[in-house]
Amino acid sequence: MRRRRGFILYVVLTVLFALAILAFALNSFKSGAVVQLSRNIDQNRLALLAQSANAEVVARLRTQANTADSDISKAFRKIFELYSTTGVESLQNYVIFDDFIPEKTLEIAQEAGYPLDIKCKAVLNVNRKAPFKSISAYNAYVDLYAQANRDGSGEKITIEVHERREVRISDLRHYLDKYVLFVKNYSPDLNNPHRRIVIEGIANSGPNISRVYLGNNLYPDSADPQKNIWLDINYDDHSNKDGFKEIFKISELQQFSDKAEKVLFYSGEKVFKDFTNITVDQFFQVASVKHVYENLVNDASNAANEIATKPDKNLVGSDLNAHCINGMNKLKSKGADSSNSAAYSICEDFVKNVKSNYSDYSQCKGFVQILNNCIMNWKYRYGYLDAENVWKIYDKERPNIPDPQNWVNAQSYRGLSEISDEFNKRGPYVNAFLKEKDGKVYNPERYRVGRMLSLFGEDNKTNVLVEGPVFMRFFKIAFLDEFTDIIEIGAKSDGSGEMLKKQINPEPVPMPTVRLDEDKSFLNTKLGSDLSPSTYYNDYYMMSCAIDTLSVNALIGTNVKFYDGDGKSKALNPITTPAPTFLNALQKTGANVPASSFSRLIDLQTVTYNYPESSDFLKSRVAEYDGKKTLFIDGIMFIESGNLDLSDIHYFYGKGLIYLRGGDCKIGNMQRCRNEIQTGDSLRIYLQHGDFRLTAEDPILIEASLGAFTYPMGSDLSSQGSLVFNGQSQVKILGNLLVDYLYTQDAGSYGLKKDGKLIVQHDPFIYEPAAKIGGKQQDPYHVSIGPVRTSFAINAGGKSF
Amino acid sequence: MDKRRWIIVFSVFLCMTFALSLLKSFYRPAENIKKVVVNDVKKQNYSSKIKNDDKKRDLLPARIKDYGEIQYPEPAPHTFAVENSVSIERNEAEMKYRGKILK
């Protein structure tokens, strides 16, 4: 028993001794290698946590850099404030924060039971401003410092990790944003009634008004020195416009007579004999007067030839001359002559005085008497109206010439549209401008009549300011009205001889259109007085014609406010301001850059991402968001080449610009995936050498600014930027549209479908990204934080802040 | 003898368990780990806020959007600057160079 107790005691002592040895060994080890080991472990942990903190700071910067009202967002925008107030282009050592505690990193440490004391600092340095005056963008870098300490009693271990990220700070605003539509080249479709363009500008607010530039670059080769754009106003569209009311001052449409169509903006008449500058000889060839005289001579010669029943058709020319001679011979055989026979006298006057192969009656006394009677009795009647009431503009598509409306086929109203061989079956107006001069068609643009694009929105209530050589056009139909009178004819100048009383009823004399550079006649001789009932436009010619000297801006009214090229708020009266209101696109005083050279530059050093191919861009920037394929936009992104196919991506996220240097962009529906008022999301796509090609989704809605300005500009349309509709019927762009040319009707199926519509609504987020919209102040800036570290350092023990 | 050997092994096991239990009970985290205090800005979760504002949208062209009253600021000076041909040429040359690098 004693042996056993001794053994147990021995075992216990052995165990205690072993424990003592273990404790002693551990204590020794801790004070040496273990301390060293634990320091290494701590340093590694702290370095890791500091890097985590910096990553958290980068994430925080990314999420808050473009979030309005955050301190981080305000810090990045300091440079714009500094530049605008002091002109300083750099910002050095601007501390965004220096006591930021990275929440997530601390949580990680806490979960691991690690006593961490950590803080972060971010310092912004702006070192470069984009050198182009149209670009407000900066290069910057942000230095991030994370200082991590092992907390608690005992030894303090500190690790500080530094990294640097490149930053691009851009102001996305650009002068092209102010345009809801900018078309550099001439387009034949601006009056196209079958494929309409509808412009919806921003709601006017003081000098804030959307602008439209319509250019005449690559105008059709023509002899006309005026290479303008004429837009056909339309009563239904524009009668509610202040300018229309002021110019025409009517409450309802007028008519030439009680039985005539109510189609006129104004109907007036003048006494013909009051006209000055025209001469009697200019009317010697007026058919109406000649017919009256021919009728008289026919009656006289029939009487002389004892023909009791008047033939259906009057004789003219040599037949009439022979008929007169025959009649005179018969009368002479009966002893009659000019002294006692009016018929003889009339026939003799004709036979003796008719000239130029029986076509010139100017020497015939009877003819002159009739003409003088007409001059005393004629009333010149005229009225102004739109193209839709002259031609059947909806019946035929361009390039066919529209047929005249039925009512204008009446003799009086044929001045613009008489379909006869005399006018090559095209009507006087169209014929005048399709006739050649110096081997060229005079001006095919002038005859493209129709209905102008809806510049003022679908309800014609939102004004836009139009720049470029653009005029409004309406038409005048004029004629000399018929009358009835009795003339006494046949007597000799001394009053002897038989007198014949004859009722005359000259038919109305239409006033066909002729060009001003054609041989002068009463039609194109400038009258001594203005026929216009308005002080706003002139009408000095008797012919039916287009009144096309007023600016299209005149429809706005008597006052419009706008920012001039120098950024100053101005007001003008578009009706009285000489047309065109702005021949060139607005720009700073003295700049004088032709609109055809307008383009959007990008500063390559402030570009956020560069992609060699469009496919690289798509791989990098397209991901699923909320279950949908979404394009993620982050500032100004540059793609060197390759067609960009966005046809199966219908949403975008973020704010910025895609600049594609060479290639087309296929696009269908494209919308913001987030609420724009909350986020300010906006997309601009700019093609330097390419077209926007719409894909087969009808109708289409694109919420983006689409720009396709080719540089260098080609000499033909095939090498220039446009919007290719590919047979769509309804296309709406919420943004703006900037293209070299815009044909809504094109060869093949490239245009809009017949009766299709292109609506371009100016997005206020594009027009002015700094506006207060929906009660929320929007932000015009975008900050991109670089995806890679450009500098990295770890400092053990030292503290820089 | 075999029984004794097992008693020794069992005793050592018990002692080690006891020692380790004591070590574990004496160990505790440092008391002075700070409670994390994060300021308001840092607490904001912008991504979730934005997501809440998302709305499902109809792909079809809708009505003309009406944003209500909009207040515009004075326009920025650079939005009136039109580039001349010299700047455009310079930009084009830079782009050509960049294009070569990218390719």
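Small disclaimer: the values here were computed from a predicted structure and weren't measured. (Residues numbered from 1 in each chain as written. Chains lettered and ligands numbered in written order. Predicted model: local features only at pLDDT ≥ 70, side-chain atom pairs only at ≥ 80, totals over all residues. Heavy atoms only, no water.)

(A) Region of interest: the overall build of chain B. Looking only at helices and strands, chain B features four helices and one strand. Going from the N terminus to the C terminus, chain B shows its helices and strands as α-α-α-β-α. Classification of the 103 residues of chain B by burial places 24% in the buried group. (Helix = DSSP H or I, 4+ residues; strand = E, 2+ residues; numbered from the N terminus. Buried < 20%, exposed > 50% of the residue type's maximum accessible area, 1.4 Å probe, protein only.)

(B) How the structure looks around the overall build of chain A. Each helix and strand in chain A was counted, giving 15 helices and 39 strands. A globule of 801 residues ought to have a C-alpha radius of gyration of about 28 Å, yet chain A, at 43 Å, is considerably larger. The principal-axis extent of the C-alpha atoms belonging to chain A is close to 195 × 50 × 45 Å. Evaluated residue by residue, chain A yields a buried proportion of 58% over its 801 residues. Contacts in chain A between residues at least 24 apart in sequence constitute 69% of all its contacts with a sequence separation of at least 6. Carbon and sulfur atoms make up 48% of the accessible area of chain A, which amounts to about 32,100 Å² in all. Separation of charge centres in chain A, based on 93 positive and 96 negative side chains, amounts to 8 Å. (Rg over C-alpha atoms; globule rule 2.2 N^0.38 Å. Contact = heavy atoms within 4.5 Å. Areas by Shrake-Rupley, 256 points an atom, 1.4 Å probe, with all protein chains shown as cover. Lys, Arg positive; Asp, Glu negative; His and termini not counted. Charge placed at Lys NZ, Arg CZ, Asp CG, Glu CD.)

(C) Quick look at the sheet that holds strand E37 (residues 772-773) of chain A. The sheet built from three strands is open, its strands ordered E38(A)-E37(A)-E1(B) with antiparallel pairing. Edge positions in the open sheet fall to strand E38 (776-777) of chain A together with strand E1 (70-71) of chain B, since each of these has one partner strand only. Alignment of E37 of chain A against E38 of chain A, held across two bridges, turns out to be antiparallel. Opposite Ile 773 of chain A, over in E38 of chain A, you have Lys 776 of chain A as the bridge partner. (Pairing = 2+ DSSP bridges.)

(D) Spatial organisation of the nonpolar core. All names here are of chain A. Trp 378, Leu 455, Met 542 and Leu 758 are the most contacted members of the largest nonpolar core, which totals 131 residues. Considering each element in turn, this core owes the most residues, seven residues, to helix H7 (residues 287-304). Apart from the residues within four sequence positions on either side, Leu 758 is in contact with Arg 196, Ile 197, Val 198, Leu 723, Phe 725, Val 731, Ile 733, Leu 737, Leu 742 and Leu 752. Of all hydrophobic cores here, the second largest spans 41 residues; its members include Leu 46, Phe 100, Tyr 114 and Leu 116. (Core = buried A, V, L, I, M, F, W, Y, C linked by side-chain atoms within 4.5 Å.)

(E) Quick look at the interface of chain B and chain A. Contacts between chain B and chain A engage 62 residues on the former and 98 residues on the latter. When the two sides are added together, the surface that chain B and chain A hide from each other amounts to roughly 7,200 Å², 60% of it contributed by carbon and sulfur. For the pair chain B and chain A, the interface holds one salt bridge. The residue Arg 661 of chain A makes a salt bridge to Glu 92 of chain B at a minimum N-O spacing of 3.1 Å. (Buried area = accessible area lost by both parts, 1.4 Å probe. Salt bridge = Lys/Arg side-chain N within 4 Å of Asp/Glu carboxyl O.)

(F) Inspection of the pairing of strand E15 (residues 464-467) of chain A at higher detail. Residue and element names in this part refer to chain A. In E15, alternate side chains face the same way, and those of Val 464 and Val 466 on one face and Leu 465 and Glu 467 on the other are all buried. Across four bridges, strand E7 (residues 210-217) lies against E15 in parallel orientation. Across the sheet, residue Val 212 finds its bridge partner in E15, namely Val 466.

(G) Layout of a nonpolar patch on the surface. Residues and elements named next belong to chain A. Together, Ile 8, Leu 9, Val 12, Leu 13 and Leu 16 make up an exposed nonpolar region whose accessible area comes to about 470 Å². Summarising the element assignment, Ile 8 is placed in helix H1 (residues 2-65). Look at Ile 8 and you get partly exposed, because its relative accessible area is 48%. (Patch = residues over 30% accessible without salt bridge, like charges linked within 9 Å, V, L, I, M, F, W, Y side chains within 5 Å.)

(H) Inspection of the pattern of salt bridges at higher detail. Residues and elements named next belong to chain A. If you walk through the whole model with that rule in mind, you get 51 salt bridges over all chains. Between Asp 177 and Arg 684 there is a salt bridge, with the nearest N and O atoms lying 3.0 Å from each other. On the criterion of sequence distance, the pair formed by Asp 177 in the loop between strand E4 (158-171) and strand E5 (179-185) and Arg 684 in strand E30 (residues 682-687) is long-range, its members being 507 residues apart. The same class applies to Asp 177 as to Arg 684, namely buried. In this structure, Lys 629 engages Asp 648 in a salt bridge whose closest nitrogen and oxygen atoms are separated by 2.7 Å. Of this pair, Lys 629 sits in strand E25 (residues 628-641) while Asp 648 sits in the loop between strand E26 (644-646) and strand E27 (651-660), and the two are 19 residues apart along the sequence. Here Lys 629 falls in the partly exposed class, since its relative accessible area comes to 40%. For Asp 648, a relative accessible area of 41% translates into the label partly exposed. Because the salt bridges share partners, they merge into one network encompassing Asp 171, Arg 173, Lys 178 and Glu 768.

(I) Focus on the environment of Lys 396 of chain A. All names here are of chain A. Residue placement: Lys 396 occurs in the loop between strand E12 (379-385) and helix H11 (428-434). Look at Lys 396 and you get partly exposed, because its relative accessible area is 33%. Counting along the chain gives 363 residues from Lys 396 to Ala 33, while the straight-line C-alpha distance between them is 98 Å. When neighbours within four sequence positions are excluded, Lys 396 is seen to be in contact with His 194, Ile 401 and Asp 403. Reaching out from Lys 396, the side chain makes a polar contact with the side chain of Asp 403 at a distance of 3.1 Å. (Polar contact = N/O pair within 3.5 Å; in protein donor to acceptor, adjacent residues only side chain to side chain.)

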